[in-house]
Amino acid sequence: MKQENKVTLVNLVASLITFAVTLLIGFFLSPYIVKHLGAEANGFTQLASNFVTYASLITIALNSMGSRFMSVEYHKGNIEQVNKYYSSLMSANLAVISALMVPAVIIVAKLENILNISAENVFDVKILFGAVFFTFFISQVNSNFSAATYVKNRLYYSSVVSAVTALLRAALLILLFHFFKPHMYYVSIVGAFLVLLSLPINFLIKKHLLPDITFEKKYFDIKCIIKLITSGMWNTINQCGNILMTGLDLLLTNIFITPAEMGILAVAKTMPANIINLGQLVNNCFSPGLTITYVKNKEEVLSNLRWAMRVSNIFISIPIGVICVLGKEFYSLWIPSLDCRKLVILSFLSCMSFIPFSGPQVLYNVYTTTNKLKFNSITVVLGGILNFAVVYFLLKFTNLGVYAVAGVSSVVSIVRNLIVTVPYTARLLGLRWYEFYKDVINSCVCFFLVAVTTVTVKKVIVADSWISLIIAVLFSCIISLIIEIFALLKKEDRVKILKKFIKRSVKNG
């Protein structure tokens with residue numbers, strides 16, 4: 001196993017631990033909010049995060065490619081150029097934060113005129129949004145420091161910080177909800193406090209990993225800013241498309257249907273959102289190694305991608321298959337006050353785009369690695385516009401309601417990925433246009449195997465309680481993992497993993 005793959009696996013394991021902690025927090029927090037504050041409150045918690053996504057359109061052009069350019073220059077040995085990118089990016093971020101503060105304050109002040117909010121919730125929602133915006137501003141500075149973990153391919157540093165802050169978040173939320181009257185803004189207040197706490201920690205990590213990279217006025221270079229924006233603006237356009245695709249789901253439901261339906265959709269999207277976050281996590285873990293390989297040895301890029309797709313397929317297809325089969329049992333136990341059948345359908349519609357792309361979703365890294373973002377971003381925007389138009393039409397002239405909001409984006413995403421992502425990334429790497437379609441087939445097969453396995457387990461274990469459901473999920477995941485390891489991983493990969501396991505067991509024994 002190559003060195004970059006070993007480091008990537010360490011990054012992945014650390015990130016998965018963080019993801020698991022965050023998932024557990026959401027698992028207990030969402031039903032608590034629904035029970036004590038109603039589904040509407042849970043919907044506003046999710047909607048506030050979406051507003052930050054809208055605001056991030058301005059900063060993505062700056063920050064999305066910063067780590068990539070710094071990594072390329074660092075591994076070429078151009079330390080002075082890395083300093084220029086770092087200092088220029090920090091200066092630009094501080095300027096953008098200053099500019100965005102005024103509109104953020106205005107939005108929070110006039111929020112009841114923008115959204116459909118119950119009179120008794122206006123104050124809480126305003127505090128919620130205010131704290132979320134504050135968190136967003138501090139995160140822009142944090143992103144500068146976090147670039148060091150990308151450049152050195154040591155993402156596990158960031159994962160450890162995230163895991164610790166996630167545990168602190170859980171502890172603080174338990175204290176607040178237990179000892180004080182429940183308010184929906186507790187979540188965002190705690191988030192703001194913890195991101196502020198992580199700022200000096202991330203700075204120290206940056207100083208440890210990249211001691212030669214410092215923020216100094218003499219390194220400011222407008223050419224670096226122009227280069228970052230010129231390249232990163234396509235990520236902004238790409239994000240516009242993503243917002244049109246799924247980022248407006250809750251807002252459209254709030255405006256065109258009801259706040260209550262928005263709350264139900266927010267609950268239904270919780271598990272799919274976690275799966276999507278898991279996909280992004282896996283994707284991000286492979287990105288630094290792919291960039292380093294592309295700089296040092298382009299011939300190994302394809303083998304690295306193949307390895308990444310196999311691992312990604314294992315991690316993504318299993319939760320999708322399990323939640324699709326055991327969704328009804330899960331929701332009836334998790335939030336029994338809501339219609340579990342409706343939640344299952346909405347969840348499936350929200351995550352079905354990942355069924356054929358559990359593995360090939362790693363191909364998104366190719367755009368950043370090769371710095372070829374334009375064509376993909378344009379197609380994402382066109383797909384987003386098509387999605388918005390179709391959803392608007394269906395809401396206006398049919399009774400599909402929230403099902404249209406959840407399902408259309410997934411269908412559009414599948415079609416766009418099949419027509420654009422798969423052949424275009426192959427072309428960027430100088431491969432045959434149909435090179436990655438077999439990986440799409442692999443993803444579908446893996447989902448089918450997991451679904452069949454889970455259905456079989458479900459027939460043996462009646463999941464009518466939390467204990468029996470957990471047992472069913474564990475058996476389904478373990479059996480599916482074994483099947484996929486033999487179906488996807490090469491023999492030499494399995495042998496190396498087994499040798500590592502035996503060696504560690506002997507050592508510990």
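Since the structure is predicted, the reported quantities are computational estimates derived from the model, not experimental observations.

Cut-offs applied
- Residues numbered from 1 in each chain as written.
- Predicted model: local features only at pLDDT ≥ 70, side-chain atom pairs only at ≥ 80, totals over all residues.
- Heavy atoms only, no water.
- Helix = DSSP H or I, 4+ residues; strand = E, 2+ residues; numbered from the N terminus.
- Buried < 20%, exposed > 50% of the residue type's maximum accessible area, 1.4 Å probe, protein only.
- Contact = heavy atoms within 4.5 Å.
- Areas by Shrake-Rupley, 256 points an atom, 1.4 Å probe, with all protein chains shown as cover.
- Axes fitted to C-alpha atoms, helices over the stretch in contact; angles between N-to-C directions.
- Parallel < 35°, antiparallel > 145°, perpendicular 65-115°, else oblique.
- Left-handed = near helix turned anticlockwise from the far one by under 90°.
- pLDDT = per-residue confidence, 0-100.
- Core = buried A, V, L, I, M, F, W, Y, C linked by side-chain atoms within 4.5 Å.
- Nonpolar A, V, L, I, M, F, W, Y, C, P; charged D, E, K, R; others polar.
- Phe/Tyr/Trp six-rings, centres within 6.5 Å; stacked < 30°, edge-to-face > 60°.
- Expected span 1.5 Å × (residues − 1).
- Patch = residues over 30% accessible without salt bridge, like charges linked within 9 Å, V, L, I, M, F, W, Y side chains within 5 Å.
- Salt bridge = Lys/Arg side-chain N within 4 Å of Asp/Glu carboxyl O.

### Digging into the overall build of the protein chain
- A count of helical and extended segments in the protein chain gives 20 helices and zero strands.
- Split into buried and exposed, the 509 residues of the protein chain put 54% on the buried side.
- Taking all contacts inside the protein chain whose residues are at least 6 apart in sequence as the whole, residues at least 24 apart take part in 83%.
- Total accessible area on the protein chain is roughly 23,300 Å²; 68% of this is exposed by carbon and sulfur atoms.

### Some points on the packing of helix α10 (residues 249-256) against helix α11 (residues 259-268)
- With their axes 7 Å apart at the nearest point, α10 and α11 run at an angle of 155° to one another. As judged from the angle between their axes, α10 and α11 are roughly antiparallel. Once α10 is placed against α11, the crossing between them reads as right-handed. Residues Asp249, Leu250, Thr253 and Asn254 of α10 touch α11, and the partners they reach there are Pro259, Glu261, Met262, Leu265 and Ala266.

### Structural notes on the confidence of the model for the protein chain
- On average, residues of the protein chain carry a pLDDT of 80, and 86% of them reach 70 or more.
- Ranking the helices and strands of the protein chain by mean pLDDT puts helix α18 (residues 437-460) first, with 92, and helix α20 (residues 491-508) last, with 53.
- A low-confidence stretch, residues 504-509 (pLDDT under 50), is modelled with zero contacts involving residues beyond four sequence positions or located in other chains.

### Focus: the nonpolar core
- One finds Phe44, Phe129 and Leu305 to be the most contacted residues of the largest nonpolar core, which totals 133 residues.
- When residues of this core are assigned to their parent elements, the largest contribution, 16 residues, is made by helix α13 (residues 301-334).
- Those residues within four positions of Leu305 in sequence are excluded, and the remaining contacts are Leu290, Val362, Leu363, Val366, Leu429 and Phe436.

### Observations concerning the side chain of Ser312
- Among the structural elements, Ser312 can be located in helix α13.
- Classification of Ser312 by relative accessible area gives buried; the value is 0%.
- Once residues within four sequence positions are removed from consideration, Ser312 is found in contact with Val282, Ser358, Gly359, Gln361 and Val362.

### Some remarks on the packing of helix α3 (residues 66-76) against helix α4 (residues 79-109)
- Relative orientation of the contacting elements α3 and α4 amounts to 165°, with a least axis distance of 8 Å. Judged on the interaxial angle alone, α4 and α3 are roughly antiparallel. The two elements α3 and α4 meet at a crossing, and its hand is left-handed. Side by side, α3 and α4 meet where Gly66, Phe69, Met70, Glu73 and Tyr74 of the first sit next to Ile79, Gln81, Val82, Tyr85, Tyr86 and Leu89 of the second.
- A per-class count over the contact of α3 with α4 returns eight nonpolar, two polar and one charged.

### Focus on the packing of aromatic side chains
- Taken as a whole and judged by the stated rule, the model has 13 aromatic pairs.
- With 5.7 Å between their ring centres and 50° between their planes, Phe136 and Phe137 make a pair best called tilted.
- Judged by relative accessible area, which is 6%, Phe136 ranks as buried.
- Residue classification places Phe137 among the buried positions, given a relative accessible area of 9%.
- Each ring, one from Trp433 and one from Tyr434, has its centre 5.4 Å from the other, and the planes form 90°; the classification is edge-to-face.
- A residue is classified by how much of its surface remains accessible, and Trp433, at 54% relative accessible area, is exposed.
- Grouping aromatic residues by their ring pairs yields a cluster made of Phe330, Tyr331, Trp334 and Trp466.

### Considering helix α7 (residues 155-179)
- With 25 residues, α7 extends 36 Å from end C-alpha to end C-alpha; this agrees with the ideal 36 Å at 1.5 Å per step.
- Here α7 has its buried residues at Leu155, Ser158, Ser159, Val161, Ala163, Thr165, Ala166, Leu173 and Phe177.

### Regarding the environment of Ser410
- Position of Ser410 among the secondary structure elements: in helix α17 (residues 402-428).
- Judged by its relative accessible area of 3%, Ser410 is buried.

### Re a nonpolar patch on the surface
- On the surface, a cluster of nonpolar side chains totalling about 490 Å² of accessible area is made up of Val160, Val164, Leu168, Phe193, Leu197 and Ile201.
- Mapped by element, the contributors of at least two residues to the nonpolar patch are α7 and α8 (186-209).
- Along the chain, Val164 turns up in helix α7.

### Here's the deal with the pattern of salt bridges
- Considering all chains together, one arrives at eight salt bridges under this definition.
- Between Lys218 and Glu216 there is a salt bridge whose closest N-O contact spans 3.8 Å.
- You can call Glu216 partly exposed: its relative accessible area is 31%.
- With its nearest N and O atoms 3.0 Å apart, the salt bridge here joins Arg432 to Glu435.
- Classification of Glu435 by relative accessible area gives buried; the value is 9%.
- What you see here is one network of salt bridges that share partners, running through Arg306, Arg432, Glu435, Lys438 and Asp439.

### Thoughts on α10
- The element α10 is largely enclosed, with a buried count of six among its eight residues.
- Buried residues of α10: Asp249, Leu250, Leu251, Leu252, Thr253 and Asn254, and no others.

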